[in-house]
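Commentary on secondary and tertiary structure
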Amino acid sequence: MTFVSLSRTKKTLLAGLVIGLILLAIYPMAATGYGIRFMLQLFMWVALAQSWNLISGLTGYVSFGHVAFFGTGAYAAAILIATHGWHWAPASSMGGIAAVVLALIIGYPCLRLKGPYFAIAMLGLNEVMRVLVSYFEGLTGGGLGLSLPTLYASVQIYYAAGLAAIAASVAAHLIITSRFGLRLMTIREDEVAAEAMGVNTARYKLYAFLISAFIPGVVGGLHARDQGYIEPISVFPLLTTITMIVMALFGGKGTVWGPVLGAVGLFCFQELVWARFLYLHQILFGAIIVFVVLLMPRGILGLVQQRYHLSRSL
Amino acid sequence: MKTAKQLGTANQWILLLCLSLVLFPWQPVFAQAPIKIGASLSLTGSYAALGQNQHRGYQLCTKHANEKGGVLGRKVEFVLYDDQSLPATGVRLYERLITQDKVDAIMGPYSSAITEAVANVNERYKMPMVAPMASTTAIFRKGRKFIFMVQSAAEVYLEGLIDMAAKRGLKSVAIINEDTLFPKATVQGTIDLAKKKGLQVVFVEGYPKGNTDFSAILTKVRAASPDVFGAATYFDDAVAITRQMKELNVNPKMYGVTVGGDLPKFYELLGKNAEFVYGATQWEPELPYPGAKEFTESYKKEFSGADLSYHSAGGYAGCQILVEAIKRARSLDGEKIRAEIAKLDTTTVYGGFKVDEGGFQISHKMVMFQWQNGKKVIVWPDELAGGKARFPTPQWSQR
């Protein structure tokens with residue numbers, strides 16, 4: 001009896017999901033330029049929050065510099081587009097690969113250590129990347145920034161960003177429901193115990209880290225194309241990392257739908273509020289964050305899961 | 001009962017009718033809906049203080065335009081958002097202003113970086129944008145047709161310093177800069193200007209944003225012993241460099257900074273050490289431009305105690321240009337307004353306004369001042385100067 005009703009809810013949810021995706025797919029035909037731009041940035045935030053969730057939500061290793069991958073991807077893609085004439089789609093994929101390479105370089109040594117070293121290294125990584133980008137002027141334009149040729153492709157980028165968000169969420173679902181995901185969560189709960197059970201913690205942490213770096217790299221590339229102009233300060237801001245973290249925490253870290261919920265909720269809330277309260281919106285935003293963290297530290301989804309005893313893979 | 005109720009309703013309708021009859025004749029001037037001008041500014045985030053100054057300029061411009069009977073017989077109204085000093089947010093908000101709020105015209109955001117990102121949006125919808133706070137040349141060299149610059153370019157910030165030095169027969173110049181978009185452009189421009197005027201550039205070096213210790217770079221400057229020393233700065237670095245020049249006894253005959261040297265706080269922090277320092281500025285309240293005095297007075301009245309800087313005056317002037325262009329075009333059509341702005345050749349409270357075919361400003365002039373007895377005295381160009389430069393700058397030991 002319970003089994004049947006459960007699968008029925010699941011079916012309803014799945015049907016709702018499919019209808020939602022179809023609606024999103026046809027949305028650009030009816031939308032204004034603003035609607036497309038808003039959804040496109042929302043997709044990017046979903047993908048970014050989800051990518052942070054993959055490493056920090058699952059393994060408990062908090063990344064304070066995830067925007068470094070975003071910025072690296074943005075610069076890699078922008079250089080390929082501006083100086084080598086690449087199309088933005090392959091250029092953004094290369095942005096993802098550049099971010100993975102960076103993640104390998106930083107993750108291989110740092111993830112072997114336990115404790116807070118990783119968090120500190122990531123915080124530093126972002127600053128280092130920003131300075132490096134300013135330094136190699138010949139390639140990156142330094143402080144002058146990189147200007148891309150004008151191109152109106154927001155609808156195409158809308159779909160690309162949507163795909164990135166879906167890919168990130170599907171990856172989260174696959175990982176959380178797999179043995180790999182279980183190993184990661186074991187690391188989060190008790191790393192020593194995980195090792196005692198024979199989990200190669202350093203290796204699995206690194207795998208999770210590489211996957212979680214690829215997504216912001218691609219999103220960074222899309223962002224560069226969408227904006228048409230990037231400079232070191234605009235693609236390596238600490239604020240972006242903080243927003244990713246807050247979104248994932250708000251929705252519920254370590255879950256599949258938490259980051260999606262958090263990104264949608266916070267981004268829409270921000271948009272509604274700052275149109276009305278010019279000078280006050282950041283205080284309101286901060287108050288909401290404090291409220292959520294104090295009253296529901298496991299996020300919206302965590303609270304719902306706890307109350308209704310729902311599956312962890314949600 | 002029923003009839004009484006109906007009577008009550010009827011009474012209400014009559015009352016409403018009377019009221020509207022009484023009220024209506026009071027607003028015949030703005031019978032039509034207001035003209036909506038959209039903008040997003042950096043009201044929070046890292047550019048907040050300057051963005052807010054610009055905001056007050058826009059507000060005052062609206063007020064003055066409405067007091068003079070509005071534009072095309074309609075009231076002017078701003079639809080304003082906050083972009084948090086982030087280009088991505090700015091792009092989204094301008095897209096919203098144009099496609100969702102359907103504003104009739106737009107004004108530019110704060111800073112070159114955000115303007116550069118937003119310029120693609122208004123270009124796409126063929127909506128002209130007067131961008132008062134963008135001063136990077138590259139924005140206006142990409143073949144865009146709908147963006148217009150109001151202030152002088154970053155490249156000419158130190159033109160006054162170089163020009164004065166050349167006139168006094170000085171020979172060598174050293175330049176240092178913060179390594180970001182705007183100061184870098186200043187350095188490139190200064191090098192070109194110095195070469196044109198026959199000065200030798202003996203030292204150029206950048207330092208990262210947020211740098212506080214300038215001893216290494218200043219030691220190198222001292223070793224190069226230039227006649228003229230220019231620093232392309234923001235505020236904190238301008239203060240630190242001046243202070244450390246004294247400690248390291250760096251003694252050029254002329255020393256000038258770009259941004260930050262014009263703030264009253266510069267003198268408050270440095271006191272006597274700020275004496276003889278030259279500074280570049282887009283605008284000062286005492287400059288004899290038409291309407292500048294009235295602008296300053298009404299600004300102080302309207303926003304008593306609020307900061308008044310070139311950002312406020314630039315915002316005000318940029319908005320005036322748009323209003324003037326709409327009046328001349330007698331229409332809200334983007335193409336027509338664009339054509340009028342491109343044709344304008346005028347002087348605002350902010351100085352000259354005339355653009356080339358790319359929208360690049362060619363009429364506005366930078367001014368150079370020198371701190372003398374705690375006051376900023378404008379010393380360049382000659383036709384706007386309020387006093388004479390104290391030259392040469394004495395050695396630190398002899399002050």
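Once a new chain begins, its residue numbering starts again from 1 and follows that chain's sequence as written. To read the labels, note that chains go from A and ligands from 1, taken in the order they are written. Residue-level local features of this predicted model are given only where pLDDT is at least 70; pairs of side-chain atoms are given and counted only at 80 or more, and the full residue set underlies all totals for whole chains, interfaces and linings.

A run of H or I in DSSP counts as a helix once it spans at least four residues, and a run of E counts as a strand once it spans at least two, with each numbered from the N terminus. Looking only at helices and strands, chain A has 15 helices and two strands in total. The quantity called the radius of gyration is restricted to C-alpha atoms. Its globule counterpart is 2.2 Å times the number of residues to the power 0.38. The C-alpha atoms of chain A give a radius of gyration of 20 Å, which matches the 20 Å a tight globule of 314 residues would have. Principal-axis analysis of the C-alpha atoms places the extent of chain A at approximately 65 × 50 × 40 Å. Across the 314 residues that make up chain A, the buried fraction comes to 48%. Three exposure classes are used, based on other C-beta atoms lying within 10 Å of a residue's own C-beta, which is placed from the backbone: buried for 20 or more, exposed for 12 or fewer, and partly exposed in between.

On to the overall build of chain B. Helix and strand counts for chain B come out as twelve helices and 14 strands. The C-alpha extent of chain B, read off along each of the three principal axes, is 100 × 40 × 35 Å. Per-residue burial over chain B gives 50% buried out of 399 residues. A separation threshold of at least 6 residues defines the contact pool for chain B, and within that pool the share at least 24 residues apart is 69%. By definition, residues are in contact whenever their C-beta atoms, placed on the basis of the backbone, come within 7 Å of each other.

Bringing the sheet that holds strand E14 (residues 375–380) of chain B into the picture now. All names here are of chain B. Two strands are counted as paired when DSSP detects at least two bridges linking them. Strand order in the open sheet formed by seven strands is E7-E6-E8-E9-E10-E13-E14, and the pairing between neighbours is mixed. Edge strands, defined here as strands with exactly one partner in the open sheet, are strand E7 (200–207) and E14. Put simply, the sheet's adjacent strands are angled 25 degrees from each other on average, direction ignored. Strand direction decides the pairing type here: strand E8 (residues 228–232) and strand E9 (residues 254–257), joined by four bridges, are parallel. Within E9, the residue paired with Phe229 across the bridge is Tyr255. Note on geometry: axes are lines fitted to C-alpha atoms, helical ones only across the stretch in contact, with angles between N-to-C directions running from 0 to 180 degrees.

Residues and elements named next belong to chain B. For strand E1 (residues 35–41), the buried fraction is high: six of the seven residues fall into the buried class. Looking at chain direction, E1 and strand E2 (residues 76–82) are connected through seven bridges and run parallel. The residue of E2 that forms the bridge with Gly38 is Val79. A crossover links E1 with its parallel partner E2, the connecting element being helix H2 (residues 48–67), and its sense is right-handed. Sheet analysis places E1 next to strand E3 (residues 105–107), joined by two bridges and oriented parallel. Counterpart to Ile37 in the pairing with E3 is Ala105. Looking down the strands as they point away from you, a crossover is right-handed if its path from the first strand over the helix to the second goes clockwise.

Our focus in this paragraph is the confidence of the model for chain B. pLDDT: the predictor's confidence for each residue, scored from 0 to 100. Scored by pLDDT, chain B comes out at a mean of 90, with 92% of its residues at no less than 70. Predicted as a complex, the structure gets a pTM of 0.84 and an ipTM equal to 0.85.

On to helix H2 (residues 33–59) of chain A. Residues spaced three or four apart along an α-helix face the same direction, because each turn holds 3.6 residues. Residue and element names in this part refer to chain A. Helix span, expected: 1.5 Å multiplied by one less than the number of residues in the helix. Across its 27 residues, H2 extends 39 Å between first and last C-alpha, which sits within 8% of the 39 Å expected from 1.5 Å per residue. Bend is the name given here to the angle between axes fitted to two runs of seven residues, the run ending at a residue and the run starting at it. At Asn53, H2 is bent by approximately 40 degrees, the largest bend along its length. When you tally the buried positions in H2, you get 23 out of 27 residues, the bulk of the element.

Residue and element names in this part refer to chain B. Each domain's extent is set by a domain assignment, obtained either automatically or from a database. When the domains of chain B are assigned, the result is domain 1 (35–152 + 288–353) and domain 2 (155–281 + 366–398). Distance between the C-alpha centres of domain 1 and domain 2: 30 Å. Contact residues are listed per partner, giving six residues for domain 1 and seven residues for domain 2. Each residue receives one of three labels: charged for Asp, Glu, Lys and Arg, nonpolar for Ala, Val, Leu, Ile, Met, Phe, Trp, Tyr, Cys and Pro, and polar for the others, Gly being one of them. When the residues that make up the side of domain 1 that touches domain 2 are grouped by side-chain class, the tally is two nonpolar, four polar and no charged.

Whether parallel or antiparallel, the strands of a sheet pair through hydrogen bonds between backbone atoms. All names here are of chain B. The parallel open sheet is built from five strands, whose spatial order is E2-E1-E3-E4-E5. Sheet topology places E2 and strand E5 (147–149) at the edges, where each strand pairs with a single neighbour. Neighbouring strand axes in the sheet, compared pairwise and without regard to direction, differ in orientation by 25 degrees on average. Relative to E5, strand E4 (residues 129–131) runs parallel, the two sharing three bridges. Residue pairing in the sheet places Val130 in a bridge with Phe148 of E5. Packed on one face of the sheet, helix H3 (residues 87–99) meets E1, E2 and E3 and runs near 170 degrees to E1.

Residues enter a nonpolar core if they are buried, belong to Ala, Val, Leu, Ile, Met, Phe, Trp, Tyr or Cys, and are joined to the set through C-beta atoms within 7 Å. Counting 206 residues, the largest nonpolar core has Ala47, Ala77, Ala78, Ala161 and Ala164 of chain A together with Ile106 of chain B as the members making the most contacts within it. Per-element accounting of this core gives the leading share, 14 residues, to H2 of chain A. Counting contributing residues per domain, this core is built from domain 1 (35–152 + 288–353) and domain 2 (155–281 + 366–398) of chain B, each supplying no fewer than three. Residues within four places of Ala77 of chain A in sequence aside, it is in contact with Trp88, Ala91, Ser92, Met94, Gly95, Gly220, Gly221, Ala224 and Arg225 of chain A.

Take the interface of chain A and chain B next. Between chain A and chain B, the residue contacts involve 27 residues of the former and 26 residues of the latter. When contributions to the side of chain A that touches chain B are tallied by element, the ones reaching two or more residues are H2, helix H5 (117–135), helix H10 (201–227) and helix H14 (281–295) of chain A. A total of five residues in the side of chain A that touches chain B trace back to one element, the largest contributor, which is H2 of chain A. Across the side of chain A that touches chain B, the residue classes break down as ten nonpolar, 15 polar and two charged.

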